[in-house]
Amino acid sequence: MKKVNCICIIDDDAIYTLLLKKMIVKLDICDTVVSYANGEEAYLGFEKNIQQNNPLPNIVLLDINMPIMDGWEFMDAFLALKPQIQQKIAIYIASSSITIEDREKAASYTDIVEYLNKPVVTATLQKIIQEQTLD
Amino acid sequence: MLAVPIPSNESERLNALSNYALIDTAAESHFDTLVTLAAQICNAPIALFSLIDEQKQWFKAKYGTNVTETDRNSSFGEYTILQQTPLEVVNLETDVRFAFNPWVIGSPFVRYYYGIPVTDKQGFAIGSLCVLNTTGIPLTPLQKQQLQYLKQQLDALLELHLTKTAAQLPILEQPNASLIEERQLLHTLINNIPDAIYIKDKEARKTIFNHADLAFLGIDNVEDALGKTDLELFGGEKGASSYADDMHVITTGNAIYNREEKIFSNDGSNCYWMLTSKVPIYNTKGIISGLVGIGRNITEHKNIDKILSDREEQLHLLANNIPNGAIYRLLEYPNGHLEYLFVSNSIEDITGIAASDIIKDAMMFKSKIYPPDLPLFVSKANEAKANNHIFDCEFRQYHQNGELRWYQSRAIPKTNTNGEVVWDGIFIDITQHKLVELALQQSENNLNTVFENTEVGYIFMSPQLAFISFNTAAIHFTALEHTLPLQVGENLYHYYPKEHHEKLTLVTKQVLQGQVFETDKKIITLQGEEKWFHIKLSHVANRTQEVAGILMAMEDITTRKKDELELKKSFNLVNEQNKRLLNFSYIVSHNLRSHTSNIQSIAKLMDFADSDEERNELISHLKTVSNALDETMHHLNEVVSIQNHVNINVQSLSLLEYIHKTLDILKDDIQTKNVIVRNLVPQNVAVLFNPAYLESVIINFLSNAIKYSHPQRQPEIELTCYQSLEQWVLQISDNGLGMDLKKHGEKLFGLYKTFHGFSNSRGIGLFITKNQIEAMGGKIEVLSQVNVGTTFKIYFK
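In this text, all values refer to a predicted model and were calculated from it rather than measured experimentally.

(A) Region of interest: the overall build of chain B. Within chain B, the regular secondary structure consists of 25 helices and 28 strands. Buried residues in chain B amount to 40% of all 797 residues. Excluding contacts between residues fewer than 6 apart, the proportion of contacts in chain B whose partners are at least 24 apart in sequence is 54%. Within the structure as shown, chain B displays about 45200 Å² of accessible surface, and the carbon and sulfur contribution to it stands at 54%.

(B) Spatial organisation of the overall build of chain A. When its secondary structure is counted, chain A shows five helices and five strands. Burial analysis of chain A (135 residues in total) assigns 56% to the buried set. Long-range contacts, defined here as pairs at least 24 residues apart, represent 71% of the contacts in chain A between residues at least 6 apart. In the form shown here, chain A has an accessible surface area of approximately 6300 Å², with 51% of it arising from carbon and sulfur atoms.

(C) Summary view of empty space enclosed by the protein. All names here are of chain B. Under the defined criterion, the tally for this structure stands at three cavities of 30 Å³ or more. The space that makes up the largest cavity amounts to roughly 190 Å³. E481, H482, K521, M552 and M554 are, among the 16 residues lining the largest cavity, the residues nearest its centre. For the lining of the largest cavity, the elements supplying multiple residues, two or more each, are α17 (472-481), β19 (517-524), β20 (530-541) and β21 (547-556). Per-element accounting of the lining of the largest cavity gives the leading share, three residues, to α17. Computed from the structure, the second largest cavity encloses a volume of approximately 150 Å³. In this structure, the second largest cavity is lined by 18 residues; those nearest its centre are Y198, F216, F234, K238 and T276. Of all elements in the fold, only β7 (196-201), α7 (211-217), α10 (236-252), β9 (256-264), β10 (271-282) and β11 (288-297) reach the threshold of two or more residues within the lining of the second largest cavity. Split by residue class, the lining of the second largest cavity holds eight nonpolar, three polar and seven charged.

(D) Representation of the pattern of salt bridges within the structure. In this structure the tally under the stated criterion is 54 salt bridges over all chains. Here A:K26 ties to B:D610 by a salt bridge, and the two come within 3.0 Å at their closest N and O atoms. Taken as a pair, A:K26 in helix α1 (residues 14-27) and B:D610 in the loop between α19 (558-608) and α20 (612-644) lie in two separate chains rather than in one. B:D373 serves as the salt-bridge partner of B:R396, at 2.9 Å between the closest nitrogen and oxygen. Linking B:R396 in strand β14 (residues 391-398) with B:D373 in the loop between α14 (362-366) and α15 (374-387), this pair joins segments that are 23 residues apart in sequence. Overall, B:R396 belongs to the partly exposed group, its relative accessible area being 24%. Connected through shared salt-bridge partners, A:K22, A:K26, B:D610, B:E614 and B:E617 make up one network.

(E) Looking closely at the side chain of B:D373. The exposure class assigned to B:D373 is buried, which follows from its relative accessible area of 10%. If we ignore the near neighbours within four places in the chain, the residues touching B:D373 are B:F395 and B:R396.

(F) Expanded view of the nonpolar core. Residue and element names in this part refer to chain B. Within the largest apolar cluster, 41 residues are counted, with the highest numbers of intra-cluster contacts made by L655, F689, L694, F701 and L730. Per-element tally for this core: the top contributor is helix α23 (residues 691-707), with eight residues. One finds F31, L34, A39 and I116 within the second-largest nonpolar core, a separate group that totals 30 residues.

(G) Structural context of α15(B). Residue and element names in this part refer to chain B. When the terminal C-alpha atoms of α15 are compared, their 20 Å separation across 14 residues agrees well with the 20 Å that a helix rising 1.5 Å per residue should span. Looking only at α15, the buried set comprises F377, A381 and A384. Projection of α15 onto a plane perpendicular to its axis shows the buried side chains occupying an angular sector of 65°, all on one side. In α15, the exposed positions angled more than 90 degrees off the buried face are occupied by P375 and A386. Along its buried surface, α15 packs onto β14, β15 (404-415) and β16 (421-429). One or two positions beyond α15, positive phi appears at N388, with a value near 60°.

(H) The packing of aromatic side chains, seen in detail. All names here are of chain B. Scanning all chains against the criterion turns up 26 aromatic pairs over all chains. An angle of 85° between the planes, with centres 6.0 Å apart, marks the rings of Y340 and F365 as edge-to-face. One end of the pair, Y340, is in strand β13 (residues 338-343); the other, F365, is in helix α14, with 25 residues separating them in the sequence. In this pair, the class of Y340 matches that of F365, namely buried. Pairing F477 with F533 gives two aromatic rings, centres 4.9 Å apart and planes at 65°, and the pair type is edge-to-face. Of this pair, F477 sits in helix α17 while F533 sits in strand β20, and the two are 56 residues apart along the sequence. According to the relative accessible area criterion, F533 is buried, its value standing at 5%. One aromatic cluster in this structure is built from Y328, Y340, F365, F377, F391, F395, Y407, W423 and F427.

(I) Fine view of the sheet that holds β10(B). All names here are of chain B. Pairing is antiparallel across the open sheet formed by five strands, whose spatial order is β8-β7-β11-β10-β9. Bordering the open sheet on either side are β8 (206-209) and β9, each of which pairs with just one other strand. Taking the axes of each pair of neighbouring strands and ignoring which way they run, one obtains an average angle of 25° across the sheet. In terms of strand pairing, β9 meets β10 through seven bridges, oriented antiparallel. Looking at β10, one finds that E260 is bridged to L275.

(J) How the structure looks around the pairing of β21(B). All names here are of chain B. The pairing of strand β17 (residues 457-461) with β21 spans five bridges and is classified as antiparallel. By the bridge assignment, Y458 is partnered in β21 with A553. The pairing of β20 with β21 spans nine bridges and is classified as antiparallel. Paired with I535 across the bridge in β21 is M554.

(K) The sheet that holds β13(B), seen in detail. Residues and elements named next belong to chain B. Reading across from one edge, β13-β12-β16-β15-β14 is the order of the five strands in this open sheet, with antiparallel pairing throughout. Strands with a single pairing partner mark the edges of an open sheet, and in this sheet they are β13 and β14. Taken over all neighbouring pairs, the strand axes of this sheet differ in orientation by 30° on average, direction set aside. Two elements, β14 and β15, share eight bridges in a ladder whose sense is antiparallel. When the sheet's bridge partners are listed, R396 is paired in β15 with W406. Sheet strands touched by α15: β12 (325-332), β14, β15 and β16. Its angle to β14, the strand with the most contacts, is close to 155°.

(L) Structural context of the pairing of strand β1 (residues 46-52) of chain B. Residue and element names in this part refer to chain B. Taken across its seven residues, β1 has seven buried, putting it largely inside the fold. Burial along β1 is two-sided: the residues I46, L48, S50 and I52 and A47, F49 and L51 are all buried. Pairing analysis gives six bridges linking β1 to strand β6 (residues 125-133), with the strands arranged antiparallel. If you follow A47 over to β6, its bridge partner there is V131. Pairing analysis gives six bridges linking β1 to strand β2 (residues 56-63), with the strands arranged antiparallel.

(M) Expanded view of the packing of α23(B) against helix α25 (residues 765-775) of chain B. All names here are of chain B. Close contact between α23 and α25 brings their axes to 9 Å; oriented N to C, the two are set at 140°. Taken as a pair, α23 and α25 cross one another with a handedness that is left-handed. Here Y693, S696, V697, N700, F701 and N704 of α23 come into contact with α25, specifically with G765, L766, T769, Q772, I773 and A775. Of the residues assigned to the contact of α23 with α25, the class counts are six nonpolar, six polar and no charged.

(N) View of unusual backbone geometry. The amide bond that connects A:K118 to the next residue, A:P119, takes the cis arrangement and shows omega of -5°. Within the secondary structure, A:P119 sits in the loop between β5 (112-117) and α5 (122-132). Residue B:P108 is reached from B:S107 by a cis peptide bond, and omega for that bond is 5°. Position of B:P108 among the secondary structure elements: in the loop between α4 (102-105) and β5 (112-119).

(O) Highlighting the packing of α1(A) against α5(A). Residue and element names in this part refer to chain A. The geometry of α1 relative to α5 is characterised by a closest axis approach of 11 Å and an angle of 60° between their N-to-C directions. Classified by the angle between their axes, α1 and α5 sit oblique to one another. Here α1 runs over α5; the crossing is right-handed. Listed contacts from α5 to L20, M23, I24 and L27 of α1 are T122, L125 and Q126. Taken together, the residues of the contact of α1 with α5 break down into five nonpolar, two polar and no charged.

What counts and what doesn't
- Residues numbered from 1 in each chain as written.
- Chains lettered and ligands numbered in written order.
- Predicted model: local features only at pLDDT ≥ 70, side-chain atom pairs only at ≥ 80, totals over all residues.
- Heavy atoms only, no water.
- Helix = DSSP H or I, 4+ residues; strand = E, 2+ residues; numbered from the N terminus.
- Buried < 20%, exposed > 50% of the residue type's maximum accessible area, 1.4 Å probe, protein only.
- Contact = heavy atoms within 4.5 Å.
- Areas by Shrake-Rupley, 256 points an atom, 1.4 Å probe, with all protein chains shown as cover.
- 1 Å grid on protein atoms, 1.4 Å probe; cavity = no way out; pocket = protein on both sides within 12 Å on 5 of 7 lines; lining within 4 Å.
- Points joined across faces, edges and corners; volume = space filled by probe spheres on them.
- Nonpolar A, V, L, I, M, F, W, Y, C, P; charged D, E, K, R; others polar.
- Salt bridge = Lys/Arg side-chain N within 4 Å of Asp/Glu carboxyl O.
- Core = buried A, V, L, I, M, F, W, Y, C linked by side-chain atoms within 4.5 Å.
- Expected span 1.5 Å × (residues − 1).
- Arc of directions from axis to C-beta.
- Phe/Tyr/Trp six-rings, centres within 6.5 Å; stacked < 30°, edge-to-face > 60°.
- Pairing = 2+ DSSP bridges.
- Axes fitted to C-alpha atoms, helices over the stretch in contact; angles between N-to-C directions.
- Left-handed = near helix turned anticlockwise from the far one by under 90°.
- Parallel < 35°, antiparallel > 145°, perpendicular 65-115°, else oblique.

If you want it as structure tokens, here you go:
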């Protein structure tokens, strides 16, 4: 099984984050898993890594409905940071929202690879890894 | 001049004179010779043998003058015959009898007179033999003697004349003086009358004719007509026919009287009408010797006759061809009896009664007038008569066929000296016109009824917005808002404040150009009531498309407007409800699904669990998820119950009481965080609310204010209450963290929205609170600034 360096989970649902982390570890598809409880924490974490020249995650699983800074606000903040980022980051939306508006909004961001519905199952994670390790 | 004295024996003297029959006779040489001798003997320029008639002095013989006679007053001889001896006047100029004699004061300016009276055998003086000179030198005695001898010679001549006259009288048939005079008069008369008069002999040749006849013939010289027949004078057909007439009269003796003849002039350019009479003349033996004719030019009469007859015909045509009308002349006797002197035949067309029947019985015609209209008719007639002005009356009258029709009669009364009144008038059938008029009036009345009874107020104004007319509804509406009553001549500008005049002028201009202006206007009545009116201004054009004015329609739409506002409100409510439903769907899709997906994940992980320890850990997670799911279900229950309980128990509650209660519940938190609470809500404020909701709402806002207080300053909370548009507003302000409403405004009252990252933020409070307030018919507003504070305004119904 191919692996990536780092997968990042941005979600305010602590149980979900915990369970997803367990699943990723079990599948052994990455070296490290990081998580943030909302968009603001994630943004600050990214910013800090850039400043310290630490690597950023290869894959991001981003929730939309979060307090303080939601998924969309994070996307806008991330785009502001992007000129400073050298490596490729694949962002996947993982939300329990099934509204068509959110899907359409996700499609308008070129940096968002795909819109995923919760729960994210093992098959989905395996497919993502395959896509992101092709080259 | 003195009047000449008349001799005492005048009648005998005149008789004597007439015996000689000398007056107006032709000159005779022996008398002439005698006066010539007298002049020569006496060396006088004038010598005369004069006879004194009843009126004049006539010279039988004269020398030195052409005058044949003078009037008696101007005669010298008159004085001579008064005496038996000669009369000598030496200085005529100084003699009172002759000083003013025409011959003395004028030509030949005689100065001396010597006359010897001439008498008949009986001694009656008939005249004088006299001489006159201009030198005034008297005759010598010898001359006087010689003149006396000549006078004796004259006596002899007269004696001879008398004898001769007596002998010749029966044979000569000499016309006497009066006959001559008569002839001369006749002659003058004949030549001066305009009628052509002529006498023809028995061969129809013209022998005598007057100037008019010549002029009629177009001939200048008498000789050209004398002895000619009409055949020769006229020639052609006219000549032949006229000649035949002449010969008919002459041969048969049948006269032609007053025959009208049309005669063309010889060149044919003119045409005359002649009235001709030809009567035969009989001689003493009873045989026709010719005819006398008279012709009168009646062309002018004829023309006038023609004009008159044409006119009469035109008048007749006119009288009988007045459309729907007839003319009449009515005679009203002082006793009230009526008689039609004339009625056009056309009366039959409009009344069905023949003109002749009306003329026969005027009272019958009058009896046809519709009785209710008779008093007006009579009073108008009397008024016209009394004031001598035109009678004009519209009335109904029965047609011969029984139909009731409308007529108009107009007439001028003329009262004559007998007290009779002559009415010259015209009688017209106005039924059609009247029916149209009545129909119009009816429709106008109908319109007026509609206009007056409509609930829409109408004001008709001039282009300058001066009121022309309006209906009752308009008066009523105006009185609601204005103390200035609606009246004709008042101007719309006076009902608007000055600052609106410019707008009004602009609108007026647009309306006059054909636009329709419509608006809904809210007014506050004088009683302070709020009312809504729909105002519509449109222009009104007359038949020639000119703008006659502006029509303002006002409709009370208060009920409609209120319904509309109510509808808008309920639409907003539905909209809100819709949003809540949408939120609900989020809850279902997001919150419930996130729990179920977690349960799925746990189940999946259980399969992969390597140890009991791991499995126990997962089960403990499952419990957490299960609790969270239960809490979410509980919240949903709460939301659904608010949504469902539309008719929930509502009471009048003291706002202050509930605030006190809440502050008591939260007193531990307030003490812990050292919060300053300023409660400025007055005591008397009562709101209609569900008790449980009110407690929940106040707790929610106050606990939020405490929870999200700023860490770097002492928390302050202020509660105030005020009225806005009859609604109580509770305002809760804090100096806490505040929120970025640009970012979160829309989501603020959404379910499960949290903004501060606190672990115990559930994102449920504001959602529930909002639902509760709205369920009670109120609303909620928020003002907030990050790091400054937040103010919530709760509007109670």
